[in-house]
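Observations on the model geometry
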Amino acid sequence: QHKRKAPTYPLYYLTLDGWTAELAFNEQGELGRMVVVVVLDPCVKYPIGFAIGDRENTALITEALRNAMQHIKELFGGYYQPHQIQSDRYGIKTLTPLYQAMAHLVTPAAVGNAKAKVIEPYFKHINNTYCQLLPNWTGHNIDAVKDNQPNREFMDLIKHSYPNKAGVVKQIEYIMNKERADKLSDYMALWQECPRKVVLEEADLLMLFGTMRPHTARVEGHGLRLKIDGARYTFDTFDANFRKHMHLDWQVINIPGNTEKILALSTDGKQRFVLERKHEEAMAIIEQTPEDRLHHQRIEQFNKERHSEVIETYAQDNKLVDQVMAQIPFT
């Protein structure tokens, strides 16, 4: 058998898989377990992404990958490309385009080669370190050694006190966040030394993980106004080219649950702009923050530059009109 060592630096190699967490819930008398898809960086066994759901499917895997990219930005200040992603072959036809867009290399595990997935021992670590300590632990898989299984009679007595689904989700979130916190300092130190850092375009990520809204939108004076999850937001950009296409209808793509940025895509697909949610400045000077003042200065500088561009455009147009008029015979 091949013996392998862990990658030296973060994002050199990511692996992902789904696991039925060994924690039972009681939802109105119905007992069950949740599935968690984990995106693991074996560098220090850091769970860079995860998602929790009722069952493993392509949507849950996509959510875990989305969480991984968002966490990468939270940690490193930008969206960086993993060099390699390895997965099993679940939904491989559907998910391969997503894997390929995210990573430089995509290497699915061969059929029946469970040893290739280093994430399996990680799930055992989670089970032994955290789940066994909780009263709603259900034991190892049915194929596992039975020496360390919970007392079934006692479990039947206490099952009425099991948490509901939301409670189990909180248990899993606590476990994954605890894993991140314990390994964060080592992970960040290695990232500082990492020689390979490839930035991914934010527009590409919005295209990959976002959802297109059913209706197009038009730009107004303040920007592009949208209603998301019952709240109204205004989005705009400091890219001056966006204002050159005021006449267009825009398809809007946003990542569910994220109202910080959206992608505005022209209906013919030729123009696309990443728009950020507009900052709201305090009216009262006494309430203004340094962020308010910085944003105000950005807008003033942007408008000043646009004013100069307009004057230059008028001058060029005037020269063109003079040339045309000079060539027209007035007889």
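These numbers come from a predicted model, not from an experiment. (Residues numbered from 1 in each chain as written. Predicted model: local features only at pLDDT ≥ 70, side-chain atom pairs only at ≥ 80, totals over all residues. Heavy atoms only, no water.)

1. Description of the nonpolar core
As a rule of thumb, soluble globular proteins bury nonpolar side chains together. Counting residues in hydrophobic clusters, the biggest one holds 41 residues, and the most contacted among them are Ile48 and Leu65. Secondary-structure elements contributing two or more residues to this core are β1 (14-27), β2 (30-41), β3 (46-53), α1 (58-76), α2 (92-102), α5 (165-193), α6 (202-209) and β10 (261-266). Residue contributions to this core peak at 9 residues, all from α1. Aside from chain neighbours lying at most four places away, what touches Leu65 is Leu16, Val39, Leu98, Tyr99, Met102 and Phe209. (Core = buried A, V, L, I, M, F, W, Y, C linked by side-chain atoms within 4.5 Å. Buried < 20%, exposed > 50% of the residue type's maximum accessible area, 1.4 Å probe, protein only. Helix = DSSP H or I, 4+ residues; strand = E, 2+ residues; numbered from the N terminus. Contact = heavy atoms within 4.5 Å.)

2. So, the sheet that holds β1
By definition, the strands of a sheet pair up through backbone hydrogen bonds, in either a parallel or an antiparallel sense. Here 5 strands make up an open sheet; going across it, the order is β3-β2-β1-β4-β5 and the pairing mixed. With one partner strand each, in any of the chains shown, β3 and β5 (105-106) form the two edges of the open sheet. Of the strand pairs in this sheet, β2 and β3 are connected by 7 bridges, and their pairing is antiparallel. If you follow Val39 over to β3, its bridge partner there is Gly49. (Pairing = 2+ DSSP bridges.)

3. Digging into α1
Here α1 contains 19 residues, and its C-alpha end-to-end distance of 27 Å stays within 8% of the 27 Å for a straight helix at 1.5 Å per residue. Considered for burial, the residues of α1 that qualify are Leu60, Ile61, Thr62, Ala64, Leu65, Ala68, Met69, His71, Ile72, Leu75 and Phe76. Elements that come into contact with the buried residues of α1 comprise β1, β2, β3, α2, α5 and α6. Between the side-chain oxygen at the start of α1 and the backbone nitrogen of Ala59 there is a gap of 3.2 Å, and the oxygen is on Asn57. Just beyond α1, the residue with positive phi is Gly77, at close to 85°. (Expected span 1.5 Å × (residues − 1). Polar contact = N/O pair within 3.5 Å; in protein donor to acceptor, adjacent residues only side chain to side chain.)

4. Some points on the pairing of β10
In the case of a regular strand, side chains alternate between the two sheet surfaces. Within β10, 5 of the 6 residues are buried, which leaves the element mostly enclosed by the surrounding structure. Where strand β9 (residues 250-254) and β10 come together, 4 bridges link them in antiparallel fashion. Directly across from Ile253, in β10, lies its bridge partner Leu263. Count of turn residues in the β9/β10 antiparallel hairpin: 6 residues, of which Gly257 carries a positive phi of about 85°. Pairing of β10 with strand β11 (residues 272-277) involves 5 bridges; the strand directions are antiparallel. Paired with Lys261 across the strands is Glu276, a residue of β11. The hairpin turn running from β10 into β11, its antiparallel successor, is 5 residues long, and Gly269 in that turn takes a positive phi close to 75°.

5. Description of the environment of Ile52
Summarising the element assignment, Ile52 is placed in strand β3. According to the relative accessible area criterion, Ile52 is buried, its value standing at 17%. In sequence terms Ile52 and Val169 are 117 residues apart; their C-alpha atoms lie 7.0 Å from each other. Ignoring any residue separated from it by four or fewer positions in sequence, one finds Ile52 in contact with Met34, Val35, Val36, Leu60, Val169, Ile172 and Glu173.

6. Regarding α2
Those residues of α2 that sit buried are Ile92, Leu95, Thr96, Leu98, Tyr99 and Met102. Contact partners of the buried residues in α2: β1, α1, β4 (84-86), β5 and α6.

7. Description of the pattern of salt bridges
Counted under the stated rule, the structure contains 11 salt bridges. With its nearest N and O atoms 3.3 Å apart, the salt bridge here joins Lys73 to Glu202. Taken together, the residues Lys73 in helix α1 and Glu202 in helix α6 connect sequence positions 129 residues apart. On the basis of relative accessible area, Lys73 is assigned to the partly exposed category, the value being 25%. Glu260 is the salt-bridge partner of Arg277, the closest N and O atoms lying 3.2 Å from each other. (Salt bridge = Lys/Arg side-chain N within 4 Å of Asp/Glu carboxyl O.)

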